[in-house]
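Spelled out, the chains give:
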Amino acid sequence: MKKYKIGLFGFGCVGQGFFETLNSNTEISAEVVKIAVRQKNQVRKADAKLFVYDIDSVLNDDDIDLFVELIDDPDLALSIVKTALSKGKPVVTANKKMLAENLEELIELQNKYKTPIRYEGAVCGSIPILKNIDTYYNSEKIESIKGIFNGSTNYILSKIFNENISYESALKSAQENGFAESDPTLDVEGHDPKYKLSILASHIFGQVIHPSQIINWGINKLQKHDFDFAKENDLKIKLVAKVEEADNELSLLVAPHFVSKYNPLYHIEDENNIVTIEGAYSGQQILSGKGAGSLPTGLAVLSDVREILKGQGYNYKKSLVLKPIKNDLVEAYVSFSLKHSFVTELFQSITERYVGKDYSYVIGQIKISQLQTIIKLKSVNAIITSGNKIENITSKISYSYA
Ligand code: HSE
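Values in this document were obtained by computation on a predicted structure and should not be read as measured data.

Thresholds, definitions, all that
Residues numbered from 1 in each chain as written. Predicted model: local features only at pLDDT ≥ 70, side-chain atom pairs only at ≥ 80, totals over all residues. Heavy atoms only, no water. Helix = DSSP H or I, 4+ residues; strand = E, 2+ residues; numbered from the N terminus. Rg over C-alpha atoms; globule rule 2.2 N^0.38 Å. Contact = heavy atoms within 4.5 Å. Areas by Shrake-Rupley, 256 points an atom, 1.4 Å probe, with all protein chains shown as cover. Lys, Arg positive; Asp, Glu negative; His and termini not counted. Charge placed at Lys NZ, Arg CZ, Asp CG, Glu CD. Near = heavy atom within 4 Å. Polar contact = N/O pair within 3.5 Å; in protein donor to acceptor, adjacent residues only side chain to side chain. Nonpolar A, V, L, I, M, F, W, Y, C, P; charged D, E, K, R; others polar. Buried < 20%, exposed > 50% of the residue type's maximum accessible area, 1.4 Å probe, protein only. Pairing = 2+ DSSP bridges. Core = buried A, V, L, I, M, F, W, Y, C linked by side-chain atoms within 4.5 Å. Expected span 1.5 Å × (residues − 1). Salt bridge = Lys/Arg side-chain N within 4 Å of Asp/Glu carboxyl O. Axes fitted to C-alpha atoms, helices over the stretch in contact; angles between N-to-C directions. Left-handed = near helix turned anticlockwise from the far one by under 90°. Phe/Tyr/Trp six-rings, centres within 6.5 Å; stacked < 30°, edge-to-face > 60°. Lys NZ or Arg CZ within 6 Å of the ring centre and 35° of its normal.

**Some words on the overall build of the protein chain**
Okay, step 1: Secondary structure assignment for the protein chain yields 12 helices and 16 strands.
Okay, step 2: In terms of overall dimensions, the protein chain is globule-like: its C-alpha atoms have a radius of gyration of 22 Å, near the 21 Å expected for 402 residues.
Okay, step 3: Over its C-alpha atoms, taken along the principal directions, the protein chain stretches across nearly 70 × 50 × 30 Å.
Okay, step 4: Considering only residue pairs separated by 6 or more positions, the protein chain has 71% of its internal contacts joining residues 24 or more positions apart.
Okay, step 5: With the model as given, the accessible surface of the protein chain reaches about 17,400 Å², and the carbon-plus-sulfur share is 48%.
Okay, step 6: Within the protein chain, the 50 negative side-chain charges are centred at a point lying 1 Å from the centre of the 46 positive side-chain charges.

Here it is as structure tokens:
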């Protein structure tokens, strides 16, 4: 049986996980024959003869059958993928930013060169969501996808809520565990889950949704009083990514949400992710599992290699009608220091209000675009309370943020 030759780019957390899962697999007839890395003189857990320090010597190796791109520089990753496709060589990648920002062009190039790329590892680590969206759910009319798409922030929030560990130490620990991006602001400011949502939504709705069309903010500015508010009300804060379709319009958002114990997201801890899918035919289905980490993400990459060796790229559903993106009215809790009291006036209706010496908060209905503007102010924080079905999954909830 032919043993396929793989050229690997990058040997970081995911690269090593992929290498390890491939080498302990007996089903896939493939081996890594070259690994391009940047830094020389590092001790690595693989035969030193495999390592090369220039990308072209891998890309131009005609003996290589497919490439696995696992570096974290999105520009270089894009150039590797484009060169590979132009040579008719398939690629597996996990570079979320690169994919989300260039998906339209990458779909065109796959068609032009009749060569596939796959990227399960780019979206929710080990959870096989893209594969299922592309095959099983291809015939489903998906109404919404909501979930936790970032392992690092969920890990940080779990440490804060369950172990009273500070934000700074929890972030450090997420970095040490290899969950966080090399630039962790991508995680904590909610960009990483936005890229994942953009990729997922593009596959679901058959129209490419660029990340710039998605409003996002993260958990990096949350204050003790925001966490205290959650704890006093028996809630947790989760960084939620969601896309919903209603009346042929799409709503997309990545933002912290209060969730109660009746919501499945409440129970997802540490680096785990969850994807809840609402379909017109299948109703609600839930996938959850490790969203970050070396072996879980390495396995997702390996499963793509297997699909590629079967000649299987993505189907890319084509929608006939392009759906506009809505600027929703949402229900949110907004906390702010006294110098930002004008925030109150932006609410269209208010259900709860607190004015204190050090900070105040308001809960009520506000336009998402206004939240996007005020969240940029230093002492302003916004957490989505409810105002949508995410809190009503068990339909036990009547109180807005409970
Ligand atoms: N930094 C990402 C996360 C890695 O924490 O989810 C997996 O995509």
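Once the structure has been displayed, the description carries forward.
**Notes on the site of the ligand**
Okay, step 1: Lining the immediate environment of the ligand, one finds Lys96, Asn150, Gly151, Ser152, Phe179, Ala180, Glu181, Asp187, Asp192, Lys196, Gly291 and Ala292.
Okay, step 2: Contact between the ligand and Ser152: an oxygen atom at 2.6 Å from a side-chain N or O atom of the residue.
Okay, step 3: Within the side chain of Lys196, a nitrogen or oxygen atom sits 2.9 Å from an oxygen atom of the ligand.
Okay, step 4: Considered on its own, the ligand offers 250 Å² of accessible surface; in the complex 93% of this is hidden by protein.
Okay, step 5: Of all the secondary structure elements, the ones that give two or more residues to the shell around the ligand are helix H6 (151-163) and helix H9 (191-205).
Okay, step 6: The class makeup of the residues in the shell around the ligand is three nonpolar, four polar and five charged.

**Points about the pairing of strand S11 (residues 272-279)**
On a regular strand, one side chain projects to one face of the sheet and the next to the other, so that they alternate.
Okay, step 1: Of all eight residues making up S11, six are buried, and the element is well covered by its neighbours.
Okay, step 2: Sheet topology note: the strand S7 (residues 142-148)/S11 ladder contains six bridges and is antiparallel. Across the sheet, the residue bridging to Ile142 is Gly279, located in S11.
Okay, step 3: Examined bridge by bridge, S11 and strand S12 (residues 283-290) share eight bridges and lie antiparallel to one another. When the bridges of S12 are listed, Val275 appears paired with Leu287.
Okay, step 4: Adjacent in sequence and paired antiparallel, S11 and S12 are bridged by three residues.

**A look at the nonpolar core**
Okay, step 1: Of all hydrophobic cores here, the largest spans 80 residues; its most connected members are Tyr119, Ile145, Ile156 and Leu200.
Okay, step 2: If sequence neighbours within four positions are ignored, Ile156 has contacts with Tyr167, Ala170, Leu171, Ala174, Val188 and Ile219.

**Considering the sheet that holds strand S2 (residues 30-36)**
Okay, step 1: Reading across from one edge, S3-S2-S1-S4-S5-S6 is the order of the six strands in this open sheet, with parallel pairing throughout. In the strand order of this sheet, the two ends are held by strand S3 (51-52) and strand S6 (117-118), each with one partner.
Okay, step 2: Bridge count between strand S1 (residues 4-9) and S2: six bridges; the pairing is parallel. Residue pairing in the sheet places Leu8 in a bridge with Ile35 of S2.

**Overview of helix H11 (residues 294-309)**
A turn of α-helix holds 3.6 residues, and therefore any two residues three or four places apart point the same way.
Okay, step 1: For H11, which comprises 16 residues, the first-to-last C-alpha distance of 22 Å matches the rise-based estimate of 22 Å (1.5 Å per residue) to within 8%.
Okay, step 2: Looking at the residues trailing H11, positive phi occurs at Gly311, about 80°.

**Comments concerning the pattern of salt bridges**
Okay, step 1: Applying the stated criterion across every chain, the model contains 21 salt bridges.
Okay, step 2: The partner of Glu271 in a salt bridge is Lys290, and the shortest N-O contact between them spans 3.7 Å. Of the two residues, Glu271 sits in the loop between strand S10 (249-259) and S11 while Lys290 sits in strand S12, which places them 19 residues apart along the sequence.
Okay, step 3: Residue classification places Lys290 among the partly exposed residues on the basis of a relative accessible area of 39%.

**A closer look at the packing of H6 against helix H10 (residues 224-232)**
Okay, step 1: For the pair H6 and H10, interaxial distance at closest approach is 11 Å and the crossing angle is 65°. The handedness of the crossing between H6 and H10 is right-handed. Residues Leu157, Ile160 and Phe161 of H6 pack against Phe227, Ala230 and Lys231 of H10.
Okay, step 2: Across the contact of H6 with H10, the residue classes tally to five nonpolar, no polar and one charged.

**A look at the packing of aromatic side chains**
Okay, step 1: Taken as a whole, this structure holds 15 aromatic pairs when the rule is applied.
Okay, step 2: Measuring from centroid to centroid gives 4.8 Å for Tyr119 and Tyr314, while their planes differ by 55°, and the two rings are tilted. Of this pair, Tyr119 sits in the loop between S6 and helix H5 (129-134) while Tyr314 sits in the loop between H11 and strand S13 (329-336), placing them 195 residues apart in sequence. For the pair formed by Tyr119 and Tyr314, the shared burial category is buried.
Okay, step 3: Taken together, a centroid distance of 4.7 Å and an interplanar angle of 40° make the contact between Phe229 and Tyr333 tilted. Residue Phe229 is located in helix H10, and its partner Tyr333 is located in strand S13; the two are separated by 104 residues in the primary sequence.
Okay, step 4: An aromatic cluster is defined as three or more aromatic residues linked by ring pairs; in this entry it consists of Phe229, Phe258, Tyr333, Tyr354, Tyr359 and Tyr361.
Okay, step 5: It is Lys231 that lies over the ring of Phe161; its NZ or CZ is 5.7 Å from the centre.
Okay, step 6: Here Lys236 stacks its cationic end above the ring of Tyr266, 4.2 Å away from the centre of that ring.

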